Amino acid sequence: MTVATRPGADADRAPGRLAALLASPGARLVGKRLLMAVPILLGVSVLTFWVLNLIPGNAAQQLLGPEATPEQVRTLEQQLGLDQPGYVRYLGWLGSAVTGDLGTSLVSGQPVTSQIGERLAVSGELVGLAFVVSLGLAIPVALLAAYKPGRMFDRVSMLVSITGLSVANYVLALLLVLLFAVELALFPAIGFVPLSESVAGNLHSMALPVAAIAFPLFCFYTRFLRGDLVDQLQGEDYVTTARAKGIGPGQVLLRHAFRNSSFGLITVVGLNLGTLIGGTVIVEQIFALPGIGQLMLQAINTRDFVVVQACVLVFAIVAVLANLLADLLYAVLDPRIRYGSR
Amino acid sequence: MAVVDAATATVASRPVGGRAGAWWLRNLEIAVPAGVVALVVLACFVGPLVLPVPPPVGGSVLESYLDAGSPGHLLGTDPNGNDIFSRILHGGQSSLTVAVAVNLLGLAVGGTLGALSGYLGGATDTVIMRVLDVLIAFPSLVLTLAVAQSLGASQTNTVLALAFFSIPAFARISRAATLRLRELPFMAAAQLCGTPGWRVLARHVAPNIAPQLITFGMLGMGIVIVIEGALSFLGLGIPPPAPSWGNMIAQGQQSLSATPMLVVWPCVALFVTVLAFNLLGETLRARWSGR
């Protein structure tokens with residue numbers, strides 16, 4: 001990361017293979033975007049720190065309970081370092097955060113970085129599976145709908161997708177539990193099985209939470225992609241050219257319109273990925289999944305602000321990286337875009 | 001203007017009722033969801049005054065878990081013996097109030113910031129957009145949780161917390177719309193006439209970006225109702241025993257297998273309302289973008 005953030009500076013002076021690589025448009029783009037992300041991440045961390053300080057009560061009081069004497073609380077506050085002014089604690093936190101150490105949990109005393117890693121894997125699996133399922137279904141459905149706009153399939157799929165977009169994910173999650181766990185007893189409502197224990201068991205326990213997240217996404221992507229494909233097919237010159245060359249409608253849709261529509265889709269997926277990793281809180285709560293959202297909710301309730309701060313930072317980093325990845329994919333897919341060669 | 005054009009175009013392609021038909025017959029895609037929204041608003045705000053429904057709180061435990069259709073309780077009662085129908089109507093009042101307040105705040109503050117940012121450009125633009133970027137990257141739940149915990153869970157605090165997320169969204173749309181306007185000849189004409197900046201913004205920019213912002217507001221209503229429900233579901237929005245769709249769902253979840261209807265009714269209310277706002281917003285947006 002440190003290398004990638006300063007690509008231009010050395011490249012001009014030291015010619016060579018490494019320098020050439022660093023001076024390449026791709027590396028410049030990554031460097032520039034990572035530099036731009038720094039103030040955003042700083043802003044997010046300052047804002048979190050400030051907001052958390054507004055919450056009355058601290059971890060010392062929560063740990064000792066309501067019976068504790070003020071002296072006991074003060075002693076524990078000193079041990080935990082909570083008696084220092086906010087900016088001192090923030091700078092201390094920032095200093096170690098830069099080296100990858102996010103501190104130790106005030107409640108459990110465990111290092112936060114390892115705790116987050118385990119939780120992030122669970123949430124990551126949840127979100128990753130939801131993306132695979134939703135995109136895997138949305139792309140063929142949108143292509144079929146756009147192939148003959150206005151026909152029955154198109155109308156039904158548009159109706160299903162606007163309906164699906166109006167279902168809140170907690171409503172959907174509860175209805176899924178009601179139908180598949182309570183009535184049909186096909187899938188468990190709670191009881192997470194780690195991937196390391198059993199792959200089949202893990203997927204079985206993940207089925208309902210993944211469905212609850214994937215369905216609204218599927219609806220959103222279907223609408224988005226179908227709308228974009230129809231726009232491309234109706235208004236773009238290259239479509240007319242392709243048709244004039246005698247290319248069949250299916251090929252025009254797949255090879256020409258879809259390739260151009262995929263850029264919009266990638267942007268939206270990138271944006272979603274950023275917000276989704278923090279948006280799984282409720283679904284994790286309903287299905288009792290040990291993900292990062294659940295960790296954050298617990299940490300807020302126990303005033304374990306070190307953990308909350310770390311969770312927020314992870315969410316922000318994921319958001320920034322997802323958008324960066326989307327931009328890089330553009331450059332790979334679209335030969336017209338070559339970043340940095342202005 | 002564009003609405004009229006689009007409306008006539010729709011008539012030409014789909015002769016429902018013909019040109020002489022009533023406006024609402026020719027515009028069913030707008031009339032139906034708008035009618036549902038009006039019905040929900042009317043039911044929630046006027047319903048409890050004119051319909052013979054018991055108060056939403058203070059029920060007797062002796063009357064708990066009554067089935068739907070019991071005498072005096074259309075949809076039955078909850079574990080505390082409160083009338084479910086009444087709670088749905090009163091819960092709808094708070095959901096709709098919060099949603100309107102959040103969207104108006106977003107429209108006023110976000111719309112102004114976005115228009116300023118797009119119109120002035122330069123350093124003002126950079127500063128405003130960077131600050132909003134931070135807000136967008138900030139997980140909404142953390143701030144709302146923090147506000148709920150520090151200022152206490154209440155309707156006003158829920159509005160304040162949610163406004164933080166509607167403001168950047170409105171600002172982005174308003175900025176993009178203003179940037180497109182800036183290229184148009186009438187803007188240059190206004191500036192060449194020596195019209196002061198604030199006047200250009202108020203008289204030329206604001207009326208032109210308003211339709212897009214209001215359309216987004218319709219979609220925003222649905223979003224806010226869902227998020228408000230989520231907060232109440234987590235116990236951080238409208239505090240019980242006051243009813244809200246979110247806290248009714250949360251309460252029902254505890255006995256999901258025994259009494260599923262406790263969850264189903266508020267879910268239906270939430271879904272129908274959000275769907276109506278979404279359909280309205282989508283149709284309006286489609287007309288503006290000329291699809």
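Residues numbered from 1 in each chain as written. Chains lettered and ligands numbered in written order. Predicted model: local features only at pLDDT ≥ 70, side-chain atom pairs only at ≥ 80, totals over all residues. Heavy atoms only, no water.

Glancing now at the overall build of chain B. Within chain B, the regular secondary structure consists of 12 helices and zero strands. Overall, chain B shows an N-to-C arrangement of helices and strands of α-α-α-α-α-α-α-α-α-α-α-α. Here chain B holds 291 residues, and the buried ones make up 48% of them. A separation threshold of at least 6 residues defines the contact pool for chain B, and within that pool the share at least 24 residues apart is 68%. Accessible area for chain B stands at about 13300 Å²; split by element, carbon and sulfur atoms hold 70% of it. (Helix = DSSP H or I, 4+ residues; strand = E, 2+ residues; numbered from the N terminus. Buried < 20%, exposed > 50% of the residue type's maximum accessible area, 1.4 Å probe, protein only. Contact = heavy atoms within 4.5 Å. Areas by Shrake-Rupley, 256 points an atom, 1.4 Å probe, with all protein chains shown as cover.)

With that settled, consider the packing of aromatic side chains. Residue and element names in this part refer to chain A. Tallied over the full model, the rule gives six aromatic pairs over all chains. Between F131 and Y221, the aromatic rings sit 6.4 Å apart at their centres with planes inclined by 25°, giving stacked as the arrangement. One end of the pair, F131, is in helix α8 (residues 112-147); the other, Y221, is in helix α11 (residues 199-235), with 90 residues separating them in the sequence. Comparing F131 with Y221 shows no difference in burial state: the two are buried. (Phe/Tyr/Trp six-rings, centres within 6.5 Å; stacked < 30°, edge-to-face > 60°.)

Here the focus is a nonpolar patch on the surface. Residues and elements named next belong to chain B. On the surface, V41, L42, F45, V46, L49, V50 and L51 cluster together into a nonpolar patch covering about 630 Å² of accessible area. No other element matches helix α3 (residues 28-45), which puts three residues into the nonpolar patch. Tracing the backbone through its elements, the reader meets L42 in helix α3. Among the residues examined, L42 registers a relative accessible area of 52% and is labelled exposed. (Patch = residues over 30% accessible without salt bridge, like charges linked within 9 Å, V, L, I, M, F, W, Y side chains within 5 Å. Salt bridge = Lys/Arg side-chain N within 4 Å of Asp/Glu carboxyl O.)

Below, the discussion takes up the packing of α8(A) against α11(A). Residues and elements named next belong to chain A. For the pair α8 and α11, the least separation of the axes is 5 Å and the interaxial angle reads 35°. Like other packed secondary-structure pairs, α8 and α11 cross with a definite hand, here right-handed. Looking at the contact of α8 with α11 residue by residue, the classes come out as 28 nonpolar, three polar and two charged. (Axes fitted to C-alpha atoms, helices over the stretch in contact; angles between N-to-C directions. Left-handed = near helix turned anticlockwise from the far one by under 90°. Nonpolar A, V, L, I, M, F, W, Y, C, P; charged D, E, K, R; others polar.)

A separate point is the nonpolar core. In terms of nonpolar packing, the biggest core is built from 134 residues, with Y170(A), F287(A) and V308(A) touching the most fellow members. Looking at which element gives the most residues to this core, the answer is α11(A), with 14 residues. In this view, F287(A) contacts A173(A), V177(A), A189(A), I190(A), G191(A), L208(A), P209(A) and A212(A); residues no more than four positions away in its chain are not counted. A177(B), L181(B), V205(B) and F216(B) belong to the second largest nonpolar core, which has 13 residues in total. (Core = buried A, V, L, I, M, F, W, Y, C linked by side-chain atoms within 4.5 Å.)

Right, let's get into the interface of chain A and chain B. Counting from both sides, the interface comprises 38 residues of chain A and, opposite them, 36 residues of chain B. By the criterion of area lost to chain B, the three top residues of chain A are S166(A), Y170(A) and L174(A), representing 19% of everything that side buries. Summed over the shared surface of chain A and chain B, the result is one salt bridge. Close ionic contact of E282(B) with R223(A) constitutes a salt bridge, the shortest N to O distance being 3.1 Å. (Buried area = accessible area lost by both parts, 1.4 Å probe.)

Another aspect to go through is the confidence of the model for chain B. Residue and element names in this part refer to chain B. Confidence along chain B averages 77 in pLDDT terms, with 84% of residues attaining 70 or more. Within chain B, helix α1 (residues 2-13) has the poorest average pLDDT of any element, 41, and helix α5 (residues 84-120) the best, 87. Note on residues 1-18: pLDDT under 50 across the span, and 14 contacts to partners over four residues away in sequence or across chains. With pTM at 0.76, the complex prediction returns an ipTM value of 0.72. (pLDDT = per-residue confidence, 0-100.)

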